[in-house]
Amino acid sequence: MSLAIHNLHKSFGQTPVLNGIEIEATQGEFLVLLGASGCGKSTLLHCIAGLEPITSGEIFIKEKAVQDFLPADRNVAMVFQNYALYPTMTVARNITFGLECSGASKAEQHDALQRVSSLLKIQDLLDRKPRQLSGGQRQRVAIGRSLVRNPDLFLMDEPMSNLDARLRLEMRSELRSLHATLGATMVFVTHDQTEAMSLATRVAVMDQGQIRQIGTPYDLYHAPNSLFVAEFIGTPGINLVPGTLHLQDDSVVFQKNELKLKLESYQFTSTPEEGTATLLGIRPESLIPASSQPASDSLNSLEMKVTDVEMTGGDLHVRLKNNGIDLTTRMASSKRVRPGDKIEIFINLDAISLFDPTQGTRL
Amino acid sequence: MKGHFQQKLLIAAALTPTVLVAVYFIWGFGAATAYLSFTDSGFLPSKKLIGLFHYQKLFSSARWWNTYGNMFIYGGVYLLGCLSIGIVIAAMLDRLPKSAIIYRTIYLYPLALSLVITGLAWQWVLSPTTGLQHLIRELGFESFSFNILGSSEYAIYALGGAAIWHSTGLVIVLFLSGMKGIDVDLWRSAQIDRIPTWRVYASIVLPQLRSTLMTAIVLLAFNVVRSFDIVVALTKGGPGNASELPALYAYEFYFVRGKIGQGSAAAVVMVVSIMAIVLPYLIYELRKRKQ
Amino acid sequence: MKSRRQYSLRSALVHGLLFVLALYFLVPLYVMVVASFKSLDEIIHSSIIALPIVWTTAGWEKAWSSACTGLVCTGIKPYFFETMAILFPAMSAAIVIGALNGYLMSFWRSRSADILFGALIIGSFIPLQLFLIPLAVTMQKLGIFGSTFGLILIHTVYGVPLTTMLYRNFYVSLPSELVKAAIVDGAGVFKIFRSVIVPMSAPITIVAVILVFGGIYNDYIFALTFGETGKRPIMAAVLNIISTQYAVAEHNVNMAAVMISALPTLLIFLVAGKFFVMGLAQGSVKG
């Protein structure tokens, strides 16, 4: 176990910010802490690093209890949002500073510097000062600084937020290949769920100091355990249809106005009662227009009217309406769709989620 | 958790010497002087308490009342002069970015000079034998008379004038930087609404600079209480004791008259008076800010 | 719309006012400079505004090396050097201690830290008259009353609150991620100070030097109270020189003496004006 956190609580004075955090990450995992501003993800990262003391709980890095240790003794490295490169030092010294602090010899520092700078392709930048570097270069240097010490854990606090969209995509793929090459354990904080999904082996979705769900990107996308997670992940957002569950013969039926769905394959946590109010969640790409699917079981389809079409390059985001039911679906932009058109939509019953409207829990 | 606590301890320990020294040399000494004001100290400090004797003596002394009153006259002139001239100059310089540098140098340089130099310079200019009176007479106006330093009534204003000369630059710096912080869009919309420039300053800019005003007033007020050098250099408190200020009074009683107890009482009254004005003002302003 | 004429009229008024005020500020300096370069003869016979017919440095030379304070006629030279002998150690000490303090205080952000900070600031504004007697007693007991070391000590002690405040405000404004990165890199508190913080401290150090230099150099009350005859710091010395009576007042020498005393801080202002202004603004940002 590379990282294990048990029952971690943290308060600033009287205000609790982290409540009962439990995490276990194996060697080589890329764990992403995902959440909106203020959910506590940065604070959690600071606690793992040792920059913030915790109020109670335990933190284990490589099986060693470190919650009483200062960062210097935890063998972790961290990349900050604004990179925090030392402005008065050259890139070379920026990178080797950590080794300098731990008393490595000049030779050791030199070797480590060569190794890291060639890996990140920054050999030409070694004599420059941080202010002479571009955003992407600075990020590489910051990563280099953390690589050079062979830490047990790599921590990253929203390092991509200051890059423009194109650079961000570039750095994402570089980071993925770096992770694959090194096999290091990384804990990455972000508020951007696309970034989280593209980088992570597992994602921890956080809200108000708690972890709502930890799982692989696939699990989080297709089987969210709560309304919060379902709504947080996915662009465009998940469709939510309020309705009721009825027991008919041996199966459960979801009903809203004209929409009646027989839920045969859905795994309920417990058998629902007749008349339970519920929210049906379905992702836009799980709504299939009839034109691309031969008409079959009419029980799964609904005729809807197009209200709005948004072009996003490769996709069309199409908004549909049918008597109180609003849905958004995705289509290839080569399709000709206009507001006012009538389309028959098929609902993929293997891809739905049901939620309790008040609690937000998955049914 | 333990490591963090140890680190906090280390930092607190490293700061302790300074805290101790500050407490001893500032708060400790202040308290000691306050204590002395209640003792019968003469040339040397004594520990024997005699209650409010010195304060009674102080407030039944015509000389002290004159001196104490001078502090408020001088303070009033000083504050009014520095603020009004300083704010007007700052507003004008705000509109002229290019020539500002030359003017700024001219208005600011007196701040670099000590108050002794300030006093000596103005003594030269105001003295009847060397200064203005001499000059005007030389020009032919034989009967021109201007001996403010010899006037019991007006010498204190000479002090104010010299002090304004010294400190206006501070007000200019504070308000200029405050004015530069005003949103450019405010100016643009005022222009569209056809509001005259002076009106913009009076009704829009200045109200936003309340905190700058507060800072300026507090700094100037403390300068008033500390005014010792300039009095010694310009008037020596004269003629007689007409332009004396409490700082000078205290000093004289400490070291010339050998009445430490009395001097301490004067010092205490001096500091308490200013605190009594500044602190409530600060609290009022800070509370307003919180709203 | 305002006409061009109205704009120029207003502009003329503004410049006019600024010019008149500039005269108020410049005249004393002009008059002193001019007087210092005249011969004694010219001083007596010409108007104070007139430029010297013959520019001479006689006044300056006498002021520097042979003007008299009381019975001693050494000019201002020894007092100048004595002032420097006090100033450089005290200034260095106050700055180093203040920088360290400011750095340590920047770690500690809480109500109690703010209260301590506020108390420190208020303490630095209180008139020195309130401390004079206990200070004198303490110096006497330590046997340093009147000594150069005594003056160095008290200037350091009363300079530290100012420097602490300057440095603390500056360090608090630095990005906190820098220190965090250094902590994660394994640097200890003092290593961070040495390797990361100090190299970044140039701007505030210049400001601190300017303010502390001015504070010590321009001081009068400590010079008067705790200086020894023959070794008084410069502001007390120049006052003595001016007050020393002659049969005929040697105004040119007096003015030269005043000019010599004024030059160091004036030069610093002219050279580093930008930092001077920064220092004023900083010095007024309180808790």
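Residues numbered from 1 in each chain as written. Chains lettered and ligands numbered in written order. Predicted model: local features only at pLDDT ≥ 70, side-chain atom pairs only at ≥ 80, totals over all residues.

K.L.:
Describe the overall build of chain B, listing the residues and the values that go with them.
P.N.:
A count of helical and extended segments in chain B gives 13 helices and zero strands. Each helix and strand of chain B, ordered N terminal to C terminal, gives the series α-α-α-α-α-α-α-α-α-α-α-α-α. Taken over the C-alpha trace, chain B has a radius of gyration of 24 Å; the compact-globule value for 291 residues is 19 Å, which it surpasses by more than 25%. In terms of principal-axis extent, the alpha carbons of chain B reach across some 85 × 70 × 30 Å. The burial tally for chain B puts 43% of its 291 residues in the buried class. A separation threshold of at least 6 residues defines the contact pool for chain B, and within that pool the share at least 24 residues apart is 70%. (Helix = DSSP H or I, 4+ residues; strand = E, 2+ residues; numbered from the N terminus. Rg over C-alpha atoms; globule rule 2.2 N^0.38 Å. Buried ≥ 20, exposed ≤ 12 C-beta atoms within 10 Å, placed from the backbone. Contact = placed C-beta atoms within 7 Å.)

K.L.:
Give a description of the overall build of chain A that names residues and reports values.
P.N.:
Each helix and strand in chain A was counted, giving eight helices and 20 strands. Oriented by its inertia axes, the alpha-carbon framework of chain A measures out at about 75 × 45 × 35 Å. Long-range pairs, those at least 24 residues apart, make up 64% of the contacts in chain A with a sequence separation of at least 6.

K.L.:
Lay out the packing of helix 3 (residues 62-95) of chain B against helix 10 (residues 210-226) of chain B with the relevant residues and their values.
P.N.:
Residues and elements named next belong to chain B. The contact between helix 3 and helix 10 brings their axes to 10 Å, and the two run at 145°. Between helix 3 and helix 10 lies a crossing whose hand is right-handed. Between helix 3 and helix 10, the residues in contact are Met71, Tyr74, Gly75, Tyr78, Leu79, Cys82 and Leu83 and Ala216, Ile217, Leu220, Ala221 and Val224, respectively. By residue class, the composition of the contact of helix 3 with helix 10 is 11 nonpolar, one polar and no charged. (Axes fitted to C-alpha atoms, helices over the stretch in contact; angles between N-to-C directions. Left-handed = near helix turned anticlockwise from the far one by under 90°. Nonpolar A, V, L, I, M, F, W, Y, C, P; charged D, E, K, R; others polar.)

K.L.:
Go over the domain arrangement of chain A with me, naming the residues and quoting the values.
P.N.:
Domain parsing of chain A yields domain 1 (3-232) and domain 2 (239-355). For the side of domain 1 of chain A that touches domain 2 of chain A, the per-class residue count stands at three nonpolar, one polar and no charged. (Domains from an automatic or database assignment.)

K.L.:
Go over the sheet that holds strand 10 (residues 210-215) of chain A with me, naming the residues and quoting the values.
P.N.:
Residue and element names in this part refer to chain A. Sheet architecture is open: six strands sit in the order 6-7-8-3-9-10, paired in mixed fashion. Bordering the open sheet on either side are strand 6 (76-79) and strand 10, each of which pairs with just one other strand. Neighbour to neighbour, the strand axes of the sheet diverge by 20° on average, direction disregarded. With four bridges connecting them, strand 6 and strand 7 (residues 153-157) associate as parallel partners. Residue Met78 lies in a different strand from strand 7, and its bridge partner there is Leu155. (Pairing = 2+ DSSP bridges.)

K.L.:
Go over the pairing of strand 19 (residues 342-347) of chain A with me, naming the residues and quoting the values.
P.N.:
All names here are of chain A. Bridge count for strand 15 (residues 287-289) against strand 19 is three bridges, and the pairing is antiparallel. For Leu287, the partnering residue across the bridge sits in strand 19 and is Ile347. As paired elements, strand 16 (residues 301-311) and strand 19 share five bridges and run antiparallel to each other. By the bridge assignment for strand 19, Met304 is matched with Ile343.

K.L.:
Report on the sheet that holds strand 1 (residues 3-12) of chain A, specifying residues and quantitative values.
P.N.:
Residue and element names in this part refer to chain A. Here four strands make up an open sheet; going across it, the order is 2-1-4-5 and the pairing antiparallel. At either margin of the open sheet sits one strand with a lone partner, and together these are strand 2 (15-25) and strand 5 (64-65). For strand 4 (residues 56-61) and strand 5, the ladder comprises two bridges, and the chain directions are antiparallel. Residue Ile61 lies in a different strand from strand 5, and its bridge partner there is Lys64.

K.L.:
If you had to explain the interface of chain B and chain C to someone new, which residues and values would you point to?
P.N.:
In this complex, chain B contributes 64 residues to the contact, which on the side of chain C involves 63 residues. Per-element accounting of the side of chain B that touches chain C gives the leading share, 16 residues, to helix 1 (residues 2-36) of chain B. The residue makeup of the side of chain B that touches chain C, split by class, is 50 nonpolar, 11 polar and three charged.

K.L.:
How would you sum up the interface of chain A and chain C? Please name residues and give values.
P.N.:
On the side of chain C, 14 residues touch chain A, which itself brings 17 residues to the contact. Listed by contribution, the elements that provide at least two residues to the side of chain A that touches chain C are strand 6 and helix 2 (91-101) of chain A.

K.L.:
Tell me about the packing of helix 4 (residues 100-112) of chain B against helix 7 (residues 155-180) of chain B, residues and numbers included.
P.N.:
All names here are of chain B. Close contact between helix 4 and helix 7 brings their axes to 7 Å; oriented N to C, the two are set at 120°. Pair helix 4 / helix 7 crosses with left-handed handedness. Here helix 4 contributes Tyr107, Leu108, Pro110 and Leu111 to the contact with helix 7, which in turn contributes Trp165, His166, Ser167, Thr168, Gly169, Leu170, Ile172 and Val173. Here the contact of helix 4 with helix 7 is built from residues that sort into eight nonpolar, four polar and no charged.

K.L.:
Which residues make up the nonpolar core, and what values go with them?
P.N.:
Counting 270 residues, the largest nonpolar core has Val32(A), Leu155(A), Val238(C) and Ala257(C) as its most contacted members. Contact partners of Val238(C), with chain neighbours within four places excluded, come to Val116(B), Ile76(C), Ala257(C), Val258(C) and Ser261(C). (Core = buried A, V, L, I, M, F, W, Y, C linked by C-beta atoms within 7 Å.)

K.L.:
Describe unusual backbone geometry, and please don't skip the residues or the numbers.
P.N.:
Backbone torsion omega between Thr235(A) and Pro236(A) reads -5°, so that peptide bond is classified as cis. Note that Pro236(A) resides in the loop between helix 8 (227-232) and strand 11 (239-248). Although it is not a glycine, Asn75(A) sits at a positive phi angle of roughly 55°. Relative to the helices and strands, Asn75(A) resides in the loop between strand 5 and strand 6. Under the C-beta neighbour-count criterion, Asn75(A) is labelled partly exposed, with 18 such atoms within 10 Å. Even without a glycine there, the phi angle at Arg194(B) is positive, about 60°. Locating Arg194(B) in the fold gives a position in the loop between helix 8 (184-192) and helix 9 (197-208).

K.L.:
Which residues make up the environment of Gly188(C), and what values do they have?
P.N.:
Residue and element names in this part refer to chain C. Along the chain, the position of Gly188 falls in the loop between helix 8 (176-184) and helix 9 (189-197). We classify Gly188 as partly exposed; it has 15 C-beta atoms within 10 Å. Separated by 39 residues in sequence, Gly188 and Phe149 have C-alpha atoms that sit 34 Å apart.

K.L.:
Describe in detail the confidence of the model for chain B, supporting the description with residues and values.
P.N.:
Residue and element names in this part refer to chain B. Averaged over every residue, the pLDDT of chain B is 85; residues scoring 70 or more account for 98%. At the low end of the mean pLDDT range in chain B sits helix 6 (residues 132-138), at 76; at the high end sits helix 11 (residues 229-234), at 91. Scoring the predicted complex yields pTM 0.87 and, for the interface, ipTM 0.87. (pLDDT = per-residue confidence, 0-100.)

K.L.:
Give a detailed account of helix 1 of chain B, specifying residues and quantitative values.
P.N.:
Along helix 1 of chain B, the helix axis deviates most sharply at Thr16(B), where the bend reaches about 35°; the proline Pro17(B) sits within four residues downstream. Taken together, the buried positions of helix 1 of chain B are Thr18(B), Ala22(B), Phe25(B), Ile26(B), Phe29(B), Ala32(B), Thr33(B) and Leu36(B). (Bend = angle between axes of the 7 residues up to and from the residue.)

K.L.:
Tell me what's going on with the pairing of strand 11 of chain A, and back it up with residues and numbers.
P.N.:
Residue and element names in this part refer to chain A. Of the pairings in the sheet, the one linking strand 11 to strand 14 (residues 276-282) comprises seven bridges and is antiparallel in character. Bridge pairing links Leu240 to Gly281 in strand 14. Direction of pairing for strand 11 relative to strand 12 (residues 251-256): antiparallel, over a ladder of five bridges. By the bridge assignment for strand 12, Gln248 is matched with Ser251. Adjacent in sequence and paired antiparallel, strand 11 and strand 12 are bridged by two residues, among which Asp249 carries a positive phi angle near 50°.

K.L.:
Account for helix 5 (residues 115-126) of chain B, naming residues and giving values.
P.N.:
Residues and elements named next belong to chain B. The terminal C-alpha atoms of helix 5, which comprises 12 residues, lie 16 Å apart, in line with the 16 Å expected from a rise of 1.5 Å per residue. Within helix 5, 12 of the 12 residues are buried, leaving the element largely enclosed by the surrounding structure. Taken together, the buried positions of helix 5 are Leu115, Val116, Ile117, Thr118, Gly119, Leu120, Ala121, Trp122, Gln123, Trp124, Val125 and Leu126. (Expected span 1.5 Å × (residues − 1).)

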